[in-house]
Amino acid sequence: METNEKIRNIKEELDKELEGVEKQQELVEVKAKYLGKKGLVTELTANMKDLSIEEKKELGQLVNLLKNEVTEMINQKQQDLQNKELERRLKEEEIDISLPSRKIKKGSRHPFQRIIEDVEDFFVSMGYDVVDGPELETDENCFRRLNVPLGHPARDSQDTFYIDDEYLLRTQTSSVQARTMQANTEKTPIRMICPGKVYRRDDDATHSHQFGQVEGLVVDKDISLADLKGTLEMFAKKMLGENTKVRFRPSFFPFTEPSVEVDVTCFKCGGKGCPLCKQTGWIELLGAGMVHPNVLRMGGYDPEKWTGFAFGTGLDRLAMFRYAIPDIRYLYTNDIRFLEQFSRKDEENEVK
């Protein structure tokens with residue numbers, strides 16, 4: 001009877017306290033007072049160890065029933081407080097739906113990503129495959145299989161990030177060309193490009209220690225320099241505009257023979273001459289040439305039967321030409337003011 005009296009008193013006392021609760025914090029304190037480790041409900045079982053088994057069973061049932069009732073009363077009060085808070089906010093925080101909405105800023109494709117997509121679209125339309133390769137490369141694939149001799153400046157540690165004597169961060173995506181020729185065990189014709197990141201020890205307004213590059217390779221029978229020239233002229237006009245003129249200058253690369261440097265008319269002055277092109281009217285775009293017989297041979301192709309051409313250009317450089325970007329570092333700063341210009345171009349294209 002004494003326990004029943006305590007239970008009744010606890011419920012009556014809780015009911016009175018809940019009537020005076022107006023805030024969530026006050027409710028938390030009430031809950032701790034009744035259901036905490038040292039709460040009034042818990043204290044009812046303090047002397048349970050002195051009771052008989054039957055008495056323990058009866059007391060346990062009464063206490064569990066009380067816990068459920070107390071918990072339900074507190075939860076109901078919490079729901080009442082939440083409803084009152086919601087009503088208050090609905091009254092005080094009215095929304096004027098007649099006000100104009102705020103303009104939501106939209107992102108845009110990064111100019112570097114634009115260039116990659118446009119280059120891939122162009123070459124895929126000509127039947128090329130887009131091939132990927134590892135950025136951590138071996139000296140064999142990055143240099144030896146591309147006919148780059150020992151002692152060549154490109155192999156110098158001042159220009160290349162070496163991991164150890166065998167591995168390095170690739171300095172050119174041409175290493176993917178070497179891998180592709182090795183992997184083509186049936187020695188069928190190849191027509192591929194390999195865009196990706198490359199790494200060199202360089203950092204200024206026109207160079208970066210990490211930059212994008214795209215290499216192209218065609219291997220087939222009866223491929224000539226005329227095929228290379230026609231491909232690159234179409235590529236330059238597609239990327240930089242139909243009025244772009246292209247010229248080819250003799251050059252030297254270890255992996256091509258003959259080799260050429262490819263220039264395009266200056267995008268700023270249109271070929272008239274300006275400080276950017278040093279008054280020449282031309283800007284260097286890429287390097288190219290006919291695949292060296294040694295490279296074909298190391299790739300498993302007989303240079304007496306197969307010929308091919310290769311070319312490579314910096315994607316960052318191409319983006320600078322196409323969008324008249326004066327400093328290559330703008331491509332990597334994530335400056336919103338710079339990127340917003342391309343968002344506006346997206347909007348203009350949508351209107352068109």
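Residues numbered from 1 in each chain as written. Predicted model: local features only at pLDDT ≥ 70, side-chain atom pairs only at ≥ 80, totals over all residues. Heavy atoms only, no water.

On to the domain arrangement of the protein, then. Under the domain assignment, the protein is made up of domain 1 (3–92) and domain 2 (111–339). Its C-alpha centre places domain 1 at a distance of 76 Å from the equivalent point of domain 2. (Domains from an automatic or database assignment.)

Before going further, it helps to spend a moment on the layout of surface pockets. Volume-wise, the largest pocket comes out at about 1000 Å³. Taken together, 40 residues form the lining of the largest pocket, with Arg200, Phe211, Gln213, Phe253 and Glu284 sitting closest to its centre. Only helix 7 (174–183), strand 5 (210–220), strand 6 (246–253), strand 7 (256–265), strand 8 (282–291), strand 9 (307–314) and helix 10 (315–323) provide two or more residues apiece to the lining of the largest pocket. Top element by residues in the lining of the largest pocket is strand 8. It accounts for six residues. Within the lining of the largest pocket, the residues separate by chemical class into 15 nonpolar, 16 polar and nine charged. Taken as a whole, the second largest pocket encloses approximately 520 Å³ of empty space. Along the walls of the second largest pocket sit 20 residues, with Leu276, Cys277, Ile283, Arg317 and Phe321 positioned nearest its centre. Within the residue set of the lining of the second largest pocket, elements represented by two or more residues are strand 6, strand 8 and helix 10. Its residues placed into classes, the lining of the second largest pocket shows 10 nonpolar, three polar and seven charged. (1 Å grid on protein atoms, 1.4 Å probe; cavity = no way out; pocket = protein on both sides within 12 Å on 5 of 7 lines; lining within 4 Å. Points joined across faces, edges and corners; volume = space filled by probe spheres on them. Helix = DSSP H or I, 4+ residues; strand = E, 2+ residues; numbered from the N terminus. Nonpolar A, V, L, I, M, F, W, Y, C, P; charged D, E, K, R; others polar.)

Turning our eyes to something else, we now look at the nonpolar core. Counting 42 residues, the largest nonpolar core has Val119, Phe123, Phe235, Leu286, Phe309 and Phe311 as the members making the most contacts within it. Elements represented by at least two residues in this core include exactly helix 5 (111–125), strand 5, helix 8 (225–240), strand 7, strand 8, strand 9, helix 10 and helix 11 (336–351). Residues in contact with Phe311, not counting those within four places in the same chain, are Phe123, Gln177, Ile193, Val214, Glu215, Gly216, Leu228, Leu232, Leu286, Gly287 and Ala288. Counting residues in hydrophobic clusters, the runner-up holds 16 residues, among them Ile10, Leu27, Val41 and Val63. (Core = buried A, V, L, I, M, F, W, Y, C linked by side-chain atoms within 4.5 Å. Buried < 20%, exposed > 50% of the residue type's maximum accessible area, 1.4 Å probe, protein only. Contact = heavy atoms within 4.5 Å.)

A full pass over the atoms with the stated rule returns one cavity of 30 Å³ or more. Taken as a whole, the largest cavity holds about 60 Å³ of empty space. Around the largest cavity sit Leu146, Ser174, Gln177, Met181, Leu217, Phe255, Val291, Val295 and Ala310, which together line it. With three residues, helix 7 is the largest single contributor of residues to the lining of the largest cavity. Counted by class, the lining of the largest cavity contains seven nonpolar, two polar and no charged residues.

Under the counting rule described, the total for this entry stands at nine aromatic pairs. Consider the rings of Phe122 and Phe235, whose centres lie 5.8 Å apart with planes at 50 degrees: the pair is tilted. Of the two residues, Phe122 sits in helix 5 while Phe235 sits in helix 8, which places them 113 residues apart along the sequence. Just as Phe122 is buried, Phe235 falls in that class too. Taking the centre distance of 5.8 Å and the plane angle of 45 degrees together, the rings of Tyr330 and Phe338 count as tilted. Through a chain of ring-to-ring contacts, the aromatic side chains of Phe122, Phe123, Tyr128, Phe235, Phe309 and Phe311 assemble into a single cluster. Above the ring of Tyr128, the side-chain terminus of Arg191 is found at 6.0 Å from the ring centroid. The ring of Trp306 carries Lys221 above its face, with NZ or CZ at 5.2 Å from the centroid. (Phe/Tyr/Trp six-rings, centres within 6.5 Å; stacked < 30°, edge-to-face > 60°. Lys NZ or Arg CZ within 6 Å of the ring centre and 35° of its normal.)

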